[in-house]
Structures are given as C-alpha cells and as structure tokens.
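Survey of secondary and tertiary structure
One-letter residues, chain by chain:
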Amino acid sequence: MRMRNRTGLWSFAAIFVIYAVVMAVYVWYTSPNRVPAAYEGTAADPSTFYSPEQLHNSETLNAVRNWLFFMSGPWEWFIYFLLLAGGMARSWRERLERLGLPLVIRFPLYVLLVNAASFLLYLPLRILGYKLSKAYGISTQPALGWLRDKLIAFGIGYVTLLAVSAVAFWVISKGGRWWLKLWLLSIPFTAFMMYVQPVVIDPLYNHFTTLSDPRLEERILELAAKANIPAHRVYEVDMSEKTNAMNAYVNGIGSSLRIVLWDTTMKQLTEQEILLVMAHEMGHYVKHHLEWSAVGAVGSSLVLLIIGGWIYRVAIRRRGEKWGIRSMSDMAALPLALLILSVISFATLPISNYVSRQAESSADRYAMELIGSAEGSVTMNQKMSVAALSDIDPPLLVKWFREDHPSDMERIIDAERFDRERGR
C-alpha cells in the first residue's frame, strides 16, 4: 500500500514538473507587453507611456508572476496530496489518539498541523513573489512587515478553517443530505464574513482614517451626495509603506459597507483622476455589486458542495482505505476536502473572473456617467499600469484565470469611446 502511495506521489510530481515547464514556455512567449496592430501608437499602446526600461521590466515581471500564479494552484494540490499519499494525514491522527487527548483538543491540534504544513510548504512561492515585487520597485514593505501580515493571515485562516471544518465534519457525521445542511449554514456564514471583513479583519493589516486632504474630501463628498451614498463610508488606508501600486476598493455589506482609497493613489493621481477612481467605487455601491457578490457566493457554494460532495464520497470509497481515512467525518479526510475545494475553485476561476470583469466594466461606465465625461480616465489607467508594471493586454489564459478586471487596454479604449459618443 505504501508503495502504491509513493508511486502516486511520483506520478503527481512528474505531471507537476511537465505542467510547470509547459506553463513557463507559455508565459514567456506571451509576455511581450503589446497591443493588437489596430491600437499601436494610440493611448492604449504601452510603448507610448512606458519607458523602454519599464516596458522590458513589465515583460519580464509579468512572465514570472503569471508563472507563479499558474503554479500556485497545482502546488497547493500537491501539498494536500502529499499529506494524504505520504501518510502524514493518517499518522498525525493516530499519534494524537495515542496521547489519549479528548476530541475537543485533538481536532484543533490536527487542524493546526494541516494548516501549518500547508502554510510552510506554500511559503517559498509567497517569498518568491515578495522578492520579485520588491526587486522591481512595486513592493516597499520591509521583510518583517511582510512576514507579520502573513502570520496574521495564518492566524485568521486557522480560526476560520477550524470553525468551518468542525461544523462540516459534525454535520457529515449525522448523515442524510449533509451537503444541503452545510449549504444552508454557509448562507449566514458568508454574510457574517462579508460584514466583519472591513471592520474587524482589514484593520489588522492596515491603518484606516478619514481622508487627509480636506479639499479632496469635499469634492468626494459632493460626488457621494450626487450618488446618494452616506459620506462616512469613504476611507483612506495607509498603503505607502507597503507598495507603490495604486488602488481603491469597496467591501463590506449593510452597515459595514465602505469605500476605501489607498494613500498611494492620492499621492500619484490628479484630483480629476482620483474622482474617477472614487466614482468607480461608488458605482459598485450604487449597483449593489457587493450584495450581488454575496448572492453569487451563496449560489456557487451550493454548486461546489454538490459537485465537491460527490467527488469527496467517491474519493473516500476508492482511496480512503489507502490513505487511512475511516469515514467521511474522519479528521484525516481534511486534506482531501481542502484538495477538492482548491481544485474546483481554480477550475471555476474563468467563470467568476468573467462575472467580476462585467461588474468592473459596469462601474467604469457609471463613473464616467456620474462625472459626465471620461476626462482623466486614460491617464489614470496609464499611471496605474506603470505603477504596477502590469500587462496592458494579457494573454488568453491569464485573462481567463487571473484577471478579475478589464485589461488596461480595454479600459482606455472604453474611455475614449465614451467621449467620442458624446462628441468630445
């Protein structure tokens, strides 16, 4: 049995290496940051606003970070498969049982072991991504600060995983339509997590304040009033100690919903450009994209539980004995459940990203309509692209699996079209 498990591990490793080589070739040969011939020399062409050095750095950087992205999912799968086929999942459970500890202590310790192993084995990819971002001047965060954020994420991830897995295994142990019961329980949990994200979790990572520029605050409040948005939901977050990139976002739900502007955005964009950024985020608020996101999360969790639940049952029936899994509610099955969830989540990225891009395009259009023009939109997208050394027109697989926003090329083209339609 151990020989079969080792054979499975070697097979997985061989497939992983072949996949890594294929993806390396793909991202390298699709890395040149160019646009279709029809847009060469236009405002959407990076050669018109990137320096030659920036253009070269963008091509190299995007090739590597796209490769890291495509490695991240399979590497996570390999970690969970290693815990199963390598015997650690079974061994940890048996050792905890031999200690004679009650289940209420054994289970949290087991989840901690799985979570810690996953965190440590995945850490090299995270470090490589951090070093890459630091080397190209995007990240400004000291190593200790970066590590602190990762440890916070580990702690939050552990508490969340412990709570979810404890409830899930308890429900599964009761039998019946456990997948339906879990789905019903996921509805209030999803709403709760969306509610606490901006008021409990986000402040653990960054410092949030009201806007520091009184004049800009006045202009944004006027825009918020025009959009019928409560003014107290516009915040500034200190990101300059971590990155040179620019961003703004909207998150939360109900009374916790807030619009957030990075201080790096305030420092690098003009007032008109910032107003477009904020109007875009207001578009998410007005169009209830966060609420629709919650609905989508609830709906997708049902599909995930139906498909994932079927795979889970089949996997345990066929491989459970080899992996030392006694039943569907055995704690040793936790790596299997995480493996299935990770694979399905990765496989459905093209769908979720497509929906997200549509919402972002809708918010872009709302912003230009709220302000009455696209003035500043082209330069704003150009500056944000340069700050992150992003790919103006990413290759197809990158767009499907990684991009949850329209490309910078698409946004620039849409802005120019908006003004042309209004005779500007």
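Quick caveat: nothing in here was measured; it's all calculated off a predicted structure.

1. Points about the overall build of the chain
A count of helices and strands for the chain gives 15 helices and 4 strands. What you see for the chain is a C-alpha radius of gyration of 24 Å, in line with the 22 Å of a compact globule of 424 residues. Along the first, second and third principal axes, the C-alpha atoms of the chain reach 75 × 45 × 40 Å. Residue burial in the chain is summarised as follows: out of 424 residues, 47% are buried. Contacts in the chain between residues far apart in sequence, at least 24 positions, make up 78% of those at least 6 positions apart. Here the chain has roughly 21100 Å² of accessible surface; of this, 64% comes from carbon and sulfur atoms. Averaging the coordinates of the 42 positive side-chain charges in the chain and doing the same for the 37 negative ones gives two points 15 Å apart.

2. Here we look at the nonpolar core
Counting 63 residues, the largest nonpolar core has Ile-220, Leu-261, Met-278 and Met-282 as the members making the most contacts within it. The dominant element in this core, judged by the number of residues it contributes, is helix α9 (residues 271–286), at 8 residues. In this structure, Met-282 is in contact with Ile-220, Leu-223, Ala-224, Ala-227, Ile-229, Ile-259, Tyr-366 and Leu-370, ignoring residues within four places of it in sequence. Formed by 51 residues, the second largest nonpolar core is a distinct cluster that contains Ala-85, Trp-92, Leu-339 and Phe-346.

3. Things to note about the pairing of strand β4 (residues 258–262)
Counted residue by residue, β4 has 5 buried out of 5 residues, so it is predominantly covered. With 4 bridges connecting them, strand β2 (residues 234–237) and β4 associate as parallel partners. Bridge assignment links Glu-236 to a residue of β4, and that residue is Leu-261. Two successive antiparallel strands, strand β3 (residues 248–251) and β4, enclose a turn made up of 6 residues, where Gly-252 displays a positive phi of approximately 90 degrees.

4. Things to note about the environment of Ser-356
Looking at the element boundaries, Ser-356 is found in helix α12 (residues 349–371). Assessed through its relative accessible area of 22%, Ser-356 is described here as partly exposed. For the pair Ser-356 and Pro-406, spaced 50 residues apart in sequence, the C-alpha separation works out to 8.9 Å. Looking at Ser-356, its side chain comes within polar contact range of the main-chain oxygen of Asp-404, at 2.7 Å.

5. Considerations on the side chain of Thr-243
Along the chain, the position of Thr-243 falls in the loop between β2 and β3. Excluding its chain neighbours within four sequence positions, the residues that come into contact with Thr-243 are Ile-138, Ser-139, Thr-140, Trp-262 and Thr-264.

6. Description of the sheet that holds β2
Neighbouring strands of a sheet are bound in pairs by backbone hydrogen bonds; such pairs are parallel or else antiparallel. Judged by pairing direction, the sheet is mixed, and its 4 strands sit side by side in the order β1-β2-β4-β3 without closing on themselves. Each end of this open sheet is capped by a strand with a single partner; those strands are β1 (208–209) and β3.

7. A closer look at unusual backbone geometry
Phi at Asn-228 takes a positive value of approximately 60 degrees, unusual for a residue other than glycine. Following the sequence through the fold, Asn-228 ends up in the loop between α7 (214–226) and β2. You can call Asn-228 exposed: its relative accessible area is 66%. Even without glycine at this site, His-288 takes up a positive phi of about 55 degrees. For His-288, a relative accessible area of 43% puts it in the partly exposed group.

8. As for the environment of Val-277
Within the element layout of this structure, Val-277 appears in helix α9. Given a relative accessible area of 7%, Val-277 falls into the buried group. In sequence terms Val-277 and Ala-367 are 90 residues apart; their C-alpha atoms lie 7.7 Å from each other. Other than its neighbours up to four places away in sequence, Val-277 contacts Ala-248, Leu-261, Leu-269 and Met-380.

9. Things to note about the pattern of salt bridges
One side chain can pair with another of opposite charge once the charged atoms of both are near each other. The full count for this structure, using the stated rule, is 14 salt bridges. Between Glu-271 and Arg-215 there is a salt bridge, with the nearest N and O atoms lying 3.1 Å from each other. Of this pair, Glu-271 sits in helix α9 while Arg-215 is found in helix α7, placing the two residues 56 residues apart along the sequence. Glu-271 gets classed as partly exposed once you look at its relative accessible area, which sits at 25%. A salt bridge links Arg-411 to Asp-364, with the shortest nitrogen-to-oxygen separation between them at 2.9 Å. Taken together, the positions of Arg-411 in helix α15 (residues 408–421) and Asp-364 in helix α12 put the pair 47 residues apart, joining distant regions of the chain. Its relative accessible area of 15% is what places Arg-411 among the buried residues. Taking the relative accessible area as the measure of exposure, Asp-364 reaches 18% and is therefore buried. Each of Arg-215, Arg-219, Glu-222 and Glu-271 takes part in salt bridges that share partners, so that together they form one network.

10. Here we look at a nonpolar patch on the surface
Taken together, Val-17, Val-21, Val-25, Trp-28 and Tyr-29 make up a surface patch of nonpolar side chains, about 570 Å² in accessible area. Position of Trp-28 among the secondary structure elements: in helix α1 (residues 2–29).

11. Considering helix α2 (residues 52–85)
Taking 1.5 Å per residue as the helical rise, α2 with its 34 residues ought to reach 50 Å, and the 49 Å between its terminal C-alpha atoms agrees with that figure. At Ser-72, α2 shows its maximal bend, which comes to roughly 30 degrees, and the proline Pro-74 appears one to four places after that position.

Rules and cut-offs
Residues numbered from 1 in each chain as written. Predicted model: local features only at pLDDT ≥ 70, side-chain atom pairs only at ≥ 80, totals over all residues. Heavy atoms only, no water. Helix = DSSP H or I, 4+ residues; strand = E, 2+ residues; numbered from the N terminus. Rg over C-alpha atoms; globule rule 2.2 N^0.38 Å. Buried < 20%, exposed > 50% of the residue type's maximum accessible area, 1.4 Å probe, protein only. Contact = heavy atoms within 4.5 Å. Areas by Shrake-Rupley, 256 points an atom, 1.4 Å probe, with all protein chains shown as cover. Lys, Arg positive; Asp, Glu negative; His and termini not counted. Charge placed at Lys NZ, Arg CZ, Asp CG, Glu CD. Core = buried A, V, L, I, M, F, W, Y, C linked by side-chain atoms within 4.5 Å. Pairing = 2+ DSSP bridges. Polar contact = N/O pair within 3.5 Å; in protein donor to acceptor, adjacent residues only side chain to side chain. Salt bridge = Lys/Arg side-chain N within 4 Å of Asp/Glu carboxyl O. Patch = residues over 30% accessible without salt bridge, like charges linked within 9 Å, V, L, I, M, F, W, Y side chains within 5 Å. Expected span 1.5 Å × (residues − 1). Bend = angle between axes of the 7 residues up to and from the residue.

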